[in-house]
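# Coordinate analysis (summary)
The lines below spell out each chain.
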Amino acid sequence: MCGIVGYVGEKRAAPLLLDGLRRLEYRGYDSAGLAMITPTEGGGYELNVIRRVGFVAELVKAVPENLAGRAGVGHTRWATHGAVTEANAHPHVDSTGRIAVIHNGIIENFASLRAHLEEEEGVKFRSETDSEVLAHLVRKFYTGDPLEAVRSALAVVTGTWGVAVVFADHADLIIASRNGSPLVVGKGDGETFLASDPHALANYTRSIVYLEDREIVKITREGWEISRLDGRPVSHAIEELGIELGSSEKGSFPHFMLKEIHEQPESLSRCLLGRVVPETGGAKLGGFDLTPREIVAIRRLGILGCGTSFHAGLVGATAMEQLARLPAFAEIASEFRYRNPVISADDLFLAVSQSGETADTLGAIQEAQTKGGRVMGVVNVVGSTIARTCGRGVYVHSGPEIAVASTKAFTSQVAALLVASLMFGRSRMLGPGEGRAFGADLLAVPGRMASWLDANATSHTGPIVDAVELLVNARFVFFLGRGVSAAVAMEGALKLKEVAYIPCMSYPAAEMKHGPIALIDKQTPVVAIVPDDQMRDKTLSNVQEVRARGARVILIHTEGDTEAAQLAEVAIAVPRASALITPLLSVLPLQLFAYRAGLALGRDIDRPRNLAKSVTVE
Ligand code: F6R
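Described in the following lines is the structure provided in the data block.

Reading the values: rules and limits
Residues numbered from 1 in each chain as written. Predicted model: local features only at pLDDT ≥ 70, side-chain atom pairs only at ≥ 80, totals over all residues. Heavy atoms only, no water. Helix = DSSP H or I, 4+ residues; strand = E, 2+ residues; numbered from the N terminus. Rg over C-alpha atoms; globule rule 2.2 N^0.38 Å. Buried < 20%, exposed > 50% of the residue type's maximum accessible area, 1.4 Å probe, protein only. Contact = heavy atoms within 4.5 Å. Areas by Shrake-Rupley, 256 points an atom, 1.4 Å probe, with all protein chains shown as cover. Lys, Arg positive; Asp, Glu negative; His and termini not counted. Charge placed at Lys NZ, Arg CZ, Asp CG, Glu CD. Near = heavy atom within 4 Å. Polar contact = N/O pair within 3.5 Å; in protein donor to acceptor, adjacent residues only side chain to side chain. Nonpolar A, V, L, I, M, F, W, Y, C, P; charged D, E, K, R; others polar. Domains from an automatic or database assignment. Pairing = 2+ DSSP bridges. Axes fitted to C-alpha atoms, helices over the stretch in contact; angles between N-to-C directions.

Looking now at the overall build of the protein chain. What the protein chain contains, in helices and strands, is 19 helices and 27 strands. Relative to its length of 618 residues, the protein chain is compact, with a C-alpha radius of gyration of 26 Å against a globular reference of 25 Å. Referenced to the eigenvectors of the C-alpha coordinate spread, the extents of the protein chain come out at roughly 85 × 55 × 45 Å. In the protein chain, which comprises 618 residues, the share counted as buried stands at 60%. For the protein chain, the share of sequence-separated contacts (at least 6 apart) that also reach a separation of at least 24 residues comes to 72%. Roughly 22800 Å² of accessible area belongs to the protein chain as shown, and the carbon and sulfur atoms make up 51% of that amount. Each charge sign in the protein chain was given a centre, from 62 positive and 70 negative side chains, and these centres are 3 Å apart.

Laid out in structure tokens, this is it:
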């Protein structure tokens, strides 16, 4: 979603800001801009604001190569209020053109503030955005002290913000504040950086401080001063930005998505490393910091997340029930947070998030915590808001996931939840022999994944190619599965929608006959996920039902299951694994379907339209 970068220092700021914006591109956006504080011939300073619709590359073309200025801010906008136009792109300037503001989040009372500014102050608005009110409010309160002007402006605002403001009157200064939308400041040598995502700073500094909600910071080249919006001073210890595991470069791959699909054996190994303990048949997740006695005392487990992370949670909840006999459910975070859930002290919640910044998930965590529930994170991005809000939890160690459509994070999330289920299981119901067998099966997955990807991912002929041909020509596609494979079906359908924009739907296989089967005609491709587990025969009966109505069946089955394969127009074999582990393998062809269908249809694979990598608004 929207991204913020800022720089104050000795160097020319524009190239650094543009580089930072490029590193934020993966988050999804539709326009970009920057505001530089540039010297004038008369010895003063002015603001130079440049904005463009489209990619950062368009902005790069528009920024003069030798644009002067050693301080400035840059922004990528993902439209919420107002269309994707240059006028709505950030930065927004006040009516004097000497104050510029970039903003992530939503100003909820912008309509009344705007009316007030128009009627009482005679302000002429130039955009349809909520954010522009901030520029005019800061101007209204500005009497020469930038920090106090921003503080006063934010005092009349309700909503969420990560905001940064520059003033032409103060050539070496950025004022920034956070409330519900992340910001981090980074220390260099005679220079200071600001970003909404530490990823943007990784090339320049590793000494960082995360701002907390309702804090405001005065940034100069010497460093920063942080205080609360109510004026109380704050001091945060500088943290070391963790070395990113895995690379955020595309290397020889044409797209990040394909690279990330291929990285899964490696990212999965990292996630499992040292966590499965063959000697005891159990598992160790130090971040959970739970004794066996505490695990036994848990009465119910809730897994919260959105999108792909929710799908991983569905697999995790089933695994928890089966391995640990612990009542468990997964729920979409945005629904959970507003249904006034009943929570008791012996409930445990796991919040699953790749980015660690998803506003809906964060809201659900806060709701659970408010009601006295314990919440632990299952997060990829180290130091992210969700990781810090939960305090305890585990990192999934996928490494940077740059493509908007999640692939390697999903498999690592599933693996982390399976490890947690094994750990909880050994303290509850699971014997050492069963635990050891499950652990061994889990540890074998990276190797099996690697062989499968080697054999299938790049081949120009074979069942993946045949399946994609059916999918790209379809008006509508159905995904079916049962148990954990129903979650895989949901994930496959989500990927195909996101990346290829093909309308599709996933359904638990048996439930389909209660209505959606009416959608099936002679042309409908049906992707059925049918591993050789206890539900196989039942799901194959559902496959027969759609075949009888002329559906074109693409079937994902376990290697060697020729009987299942015979029912399909296109059959794709994946390696054998125990039932709960099958999602890690059966999702691979579905990821490739989305990638290849998107490619065939000329889609923007890594940055699908309308999507954002990190969804920081509700
Ligand atoms: C799908 C996808 C989204 C995210 C969802 C949650 O490919 O990427 O559905 O899974 O927005 O994001 P995180 O995991 O960052 O909380």
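What follows covers the site of the ligand. Surrounding the ligand, one finds 15 residues, the nearest of these being Ser 309, Ser 353, Gln 354, Ser 355 and Thr 358. Residue Ser 353 places a side-chain N or O atom 2.6 Å away from an oxygen atom belonging to the ligand. Between Lys 495 and the ligand, the recorded distance is 3.0 Å, taken from a side-chain N or O atom to an oxygen atom. Taken by itself the ligand offers 400 Å² of open surface, and the protein chains cover 90% of this. Put simply, the parts of the chain that give the shell around the ligand at least two residues each are α9 (307–324) and α16 (484–500). In the shell around the ligand, the residues fall into five nonpolar, eight polar and two charged. Among the domains, domain 2 (250–455) and domain 3 (459–610) are the pair contributing at least three residues each to the shell around the ligand.

The five strands lie next to each other as β24-β23-β25-β26-β27, forming an open sheet whose pairing is parallel. If you trace the sheet from one side to the other, it starts and ends with β24 (504–508) and β27 (570–574), each paired once. With strand direction ignored, the average angle separating the axes of adjacent strands in the sheet is 15 degrees. Bridge analysis of strand β25 (residues 525–530) against strand β26 (residues 552–558) gives six bridges, and the strand direction is parallel. Looking across to β26, one finds that Pro 525 is bridged to Arg 552. The strands that helix α17 (residues 536–547) touches are β23 (477–481), β25 and β26; relative to β25, the one it contacts most, it runs at about 170 degrees.

Coordinates in, geometry out; function isn't part of it.
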